Amino acid sequence: MSEKEQLLEGETIVFTGSREPVEAVRHAQSLGAETLYLPLVTTSIRQSEKPDFNGYDWLIFTSRTSAQVFCQFHETVQAKIAAVGDQTAAVLQQHGYTLDFIPQIFSADYFIQEFPAIAGKAKCLFIKGSLAKNTIASMPMQVDEWTVYDTILNKGNAEKLVILENIIILFASPSAVSAYRQSGGDWSNIRTAAIGHVTKQAILASGGTVDFTPEKYTYIEVINEIAKGSLLK
């Protein structure tokens, strides 16, 4: 797709995650879109005593933030490392860690389908945020949990968002969906894009519709999916 093709001219795309995905923002702008960044969730790092990482066979990460917190300790670990998502994996690799398992689809639901066959009856530590679902812990093996950050809904930004119309809102987590709904968002006069089927389900469960969902759960791919939609108009 040529950068000269202004496939998204006239569109406004709103990014709502806790971290601005700079590369995806630039990609959207290169295709002619206007972009806004209104994070609907923020994270607060917990100051808690670290566990004995080498007491585990596997360390499991499903978010970029949990990987960043872990990397602050600069630990040399014997445990194998599993991660969901290329951004999560990238943080760990940038700090010199080798990834031993990444699911084919970047979702905890798919992770638990594939991982047990790899890990067997291993002892695992799930390093997570406060709002992480119990999906990982449901696996048929010992999974201890270490909560390293809290997720806080940014209702101020959500209130700014709900008064906007004729925009595409990109939701990357169920928490962002909750912030939008709790601030009065009623899904009218907007289109939505969802990264991940869990986020998509959260939108549908709260009365919204999902216009764009990429097969690969990344910001770049969701922008490409929106651009493909423009070609079909």
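Because the structure is a prediction, the values reported are computed rather than measured. (Residues numbered from 1 in each chain as written. Predicted model: local features only at pLDDT ≥ 70, side-chain atom pairs only at ≥ 80, totals over all residues. Heavy atoms only, no water.)

## Section: helix H3 (residues 86-94)
Line of reasoning, step 1. Taken together, the buried positions of H3 are Thr 88, Ala 89, Val 91 and Leu 92. An end-on view of H3 places all buried positions within 155 degrees of arc, on one side of the element.
Line of reasoning, step 2. Those residues of H3 that are buried are in contact with strand E4 (58-61), helix H2 (64-71) and strand E5 (80-83).
Line of reasoning, step 3. Gly 96, located one to two residues past H3, shows a positive phi value of around 90 degrees. (Buried < 20%, exposed > 50% of the residue type's maximum accessible area, 1.4 Å probe, protein only. Helix = DSSP H or I, 4+ residues; strand = E, 2+ residues; numbered from the N terminus. Arc of directions from axis to C-beta. Contact = heavy atoms within 4.5 Å.)

## Some words on the sheet that holds strand E6 (residues 123-129)
Line of reasoning, step 1. Judged by pairing direction, the sheet is mixed, and its five strands sit side by side in the order E3-E7-E6-E4-E5 without closing on themselves. Two strands in the sheet have a free side with no partner beyond their single neighbour: strand E3 (41-45) and E5. Strand-to-strand twist across the sheet, computed as the mean angle between neighbouring axes with direction ignored, equals 25 degrees.
Line of reasoning, step 2. Where E4 meets E5, four bridges bridge the pair, whose relative direction is parallel. Considered in E5, the bridge of Ile 60 is made with Ala 82.
Line of reasoning, step 3. Contacting E4, E5 and E6, helix H4 (residues 108-119) crosses the sheet at an angle of about 170 degrees to E4. (Pairing = 2+ DSSP bridges. Axes fitted to C-alpha atoms, helices over the stretch in contact; angles between N-to-C directions.)

## As for the layout of surface pockets
Line of reasoning, step 1. In this model, the largest pocket occupies a volume close to 1500 Å³.
Line of reasoning, step 2. As for the largest pocket, its lining consists of 49 residues, of which Thr 62, Ser 63, Arg 64, Ala 172 and Ser 173 are closest to the centre.
Line of reasoning, step 3. Class assignment of the residues belonging to the lining of the largest pocket gives a composition of 19 nonpolar, 22 polar and eight charged.
Line of reasoning, step 4. A domain-level breakdown of the lining of the largest pocket finds at least three residues from each of domain 1 (12-40 + 154-231) and domain 2 (44-150). (1 Å grid on protein atoms, 1.4 Å probe; cavity = no way out; pocket = protein on both sides within 12 Å on 5 of 7 lines; lining within 4 Å. Points joined across faces, edges and corners; volume = space filled by probe spheres on them. Nonpolar A, V, L, I, M, F, W, Y, C, P; charged D, E, K, R; others polar. Domains from an automatic or database assignment.)

## Here we look at the UniProt feature "domain: Tetrapyrrole biosynthesis uroporphyrinogen III synthase" (unreviewed entry) in the protein
Line of reasoning, step 1. Under the UniProt annotation, "domain: Tetrapyrrole biosynthesis uroporphyrinogen III synthase" (unreviewed entry) lies at residues 25-218.
Line of reasoning, step 2. In this annotation, residues 25-218 is assigned 31% helix and 24% strand; the end-to-end C-alpha distance for the span is 12 Å. (UniProt positions renumbered as here; feature names shortened; annotations may be inferred.)

## Overview of the domain arrangement of the protein
Line of reasoning, step 1. For the protein, the assigned domains read domain 1 (12-40 + 154-231) and domain 2 (44-150).
Line of reasoning, step 2. The gap between the C-alpha centroids of domain 1 and domain 2 is 26 Å.
Line of reasoning, step 3. Taken together, the seven residues of domain 1 in the interface contact 10 residues of domain 2.
Line of reasoning, step 4. For the pair domain 1 and domain 2, the summed buried surface comes to about 700 Å²; carbon and sulfur atoms form 57% of the total.
Line of reasoning, step 5. Sorting the residues of domain 1 by area buried against domain 2 places Arg 19, His 197 and Tyr 217 first, and these three jointly supply 56% of that buried surface.
Line of reasoning, step 6. Along the contact surface separating domain 1 from domain 2 lie zero salt bridges.
Line of reasoning, step 7. Of the residues in the side of domain 1 that touches domain 2, the class split is two nonpolar, three polar and two charged. (Buried area = accessible area lost by both parts, 1.4 Å probe. Salt bridge = Lys/Arg side-chain N within 4 Å of Asp/Glu carboxyl O.)

## Considering the side chain of Thr 147
Line of reasoning, step 1. Positionally, Thr 147 belongs in strand E7 (residues 142-153).
Line of reasoning, step 2. Take Thr 147: its relative accessible area is 17%, and that puts it in the buried class.
Line of reasoning, step 3. Within the local environment of Thr 147, its side chain forms a polar contact with the side chain of Lys 128, the two groups lying 3.3 Å apart. (Polar contact = N/O pair within 3.5 Å; in protein donor to acceptor, adjacent residues only side chain to side chain.)

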